[in-house]
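This is what each chain is made of:
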Amino acid sequence: MQSKEPAITVEQYCKSFPTEVKRRLMALRKLVREVAPDATEKISYRMPAYFLHGRLVYFAAHKNHIGLYPMASGIEKMASKLKGYKHAMGSVQFPHDQPFPLPLIRQIIEFRVKENRQKTTKKKPTT
């Protein structure tokens, strides 16, 4: 599916897939950047990764699905909304043959942004 050469940028990663998968990946990238405009974007573990006060979210294209990796807390918080999707402790799979649930993904990312920001404010010492 993807070329054998690892992507250097997230844009290169997204563009290395067939049209429909590329469209979904680019929509997901745009969504993350809208919800977390201050997040740092890079390739980590050979997939797109976003960091905002720590690890925020990763995603990757696979043969039959797009995997979203919002850490265990993101899955736990949205477990009731993820019942129709295969998911595990820190990941969820969105099959290519089903509609891509961007509103649900937005909720997951918004939760992770809020969670990471709260952890940072709790760590700041008071004077």
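This text follows the structure it describes.
An account of the accompanying structure is given in this report. This structure is a prediction, so every number in the text was calculated from the model and none was measured.

## Quick notes on the packing of aromatic side chains
Item 1. Here the structure, examined in full by the defined rule, presents six aromatic pairs.
Item 2. On the basis of an interplanar angle of 75° and a centroid distance of 6.0 Å, the ring pair of F51 and Y58 is categorised as edge-to-face. The two residues F51 and Y58 agree in class, both being buried.
Item 3. Here the aromatic cluster, defined as three or more aromatic residues joined through ring pairs, consists of Y45, F51 and Y58.
Item 4. For the cation-ring pair, K42 lies above F51, with the distance from its terminal atom to the ring centre recorded as 4.7 Å.

## A look at the pattern of salt bridges
Item 1. Per the counting criterion, the structure on display carries seven salt bridges.
Item 2. Put simply, E20 and R23 hold a salt bridge, and the shortest N to O gap is 2.5 Å. Here E20 pairs with R23, and both are found in helix α2 (residues 19-35), just three residues apart, close to one helical turn.
Item 3. E34 is the salt-bridge partner of R106, the closest N and O atoms lying 2.9 Å from each other. Residue R106 is found in helix α4 (residues 102-123), and its partner E34 is found in helix α2; the two are separated by 72 residues along the sequence.
Item 4. The exposure class assigned to R106 is partly exposed, which follows from its relative accessible area of 29%.
Item 5. Taking relative accessible area as the criterion, E34 reaches 41% and is therefore assigned partly exposed.

## Concerning the sheet that holds strand β2 (residues 47-51)
Item 1. The antiparallel open sheet is built from five strands, whose spatial order is β1-β2-β3-β4-β5. Unpaired on one side and paired on the other, β1 (40-44) and β5 (92-95) mark the two borders of the sheet. Adjacent strand axes in the sheet meet at a mean angle of 20°, parallel and antiparallel pairs treated alike.
Item 2. Across four bridges, the pairing between strand β3 (residues 55-61) and strand β4 (residues 65-69) is antiparallel. In the sheet register, A61 faces β4, and the bridge partner there is I66.
Item 3. Strands in contact with α2 are β1, β2, β3, β4 and β5; relative to β3, the strand with the most contacts, it is inclined by about 170°.

## As for unusual backbone geometry
Item 1. One non-glycine residue, R46, lies in the positive phi region at around 65°.
Item 2. With respect to the element layout, R46 can be found in the loop between β1 and β2.
Item 3. R46 sits in the exposed class, given a relative accessible area of 57%.
Item 4. Phi at M71 is positive, roughly 70°, even though this residue is not glycine.
Item 5. Note on placement: M71 falls in helix α3 (residues 71-77).
Item 6. By relative accessible area, M71 is classed as buried at 16%.

Reading guide: rules and limits
- Residues numbered from 1 in each chain as written.
- Predicted model: local features only at pLDDT ≥ 70, side-chain atom pairs only at ≥ 80, totals over all residues.
- Heavy atoms only, no water.
- Phe/Tyr/Trp six-rings, centres within 6.5 Å; stacked < 30°, edge-to-face > 60°.
- Buried < 20%, exposed > 50% of the residue type's maximum accessible area, 1.4 Å probe, protein only.
- Lys NZ or Arg CZ within 6 Å of the ring centre and 35° of its normal.
- Salt bridge = Lys/Arg side-chain N within 4 Å of Asp/Glu carboxyl O.
- Helix = DSSP H or I, 4+ residues; strand = E, 2+ residues; numbered from the N terminus.
- Pairing = 2+ DSSP bridges.
- Axes fitted to C-alpha atoms, helices over the stretch in contact; angles between N-to-C directions.
- Contact = heavy atoms within 4.5 Å.

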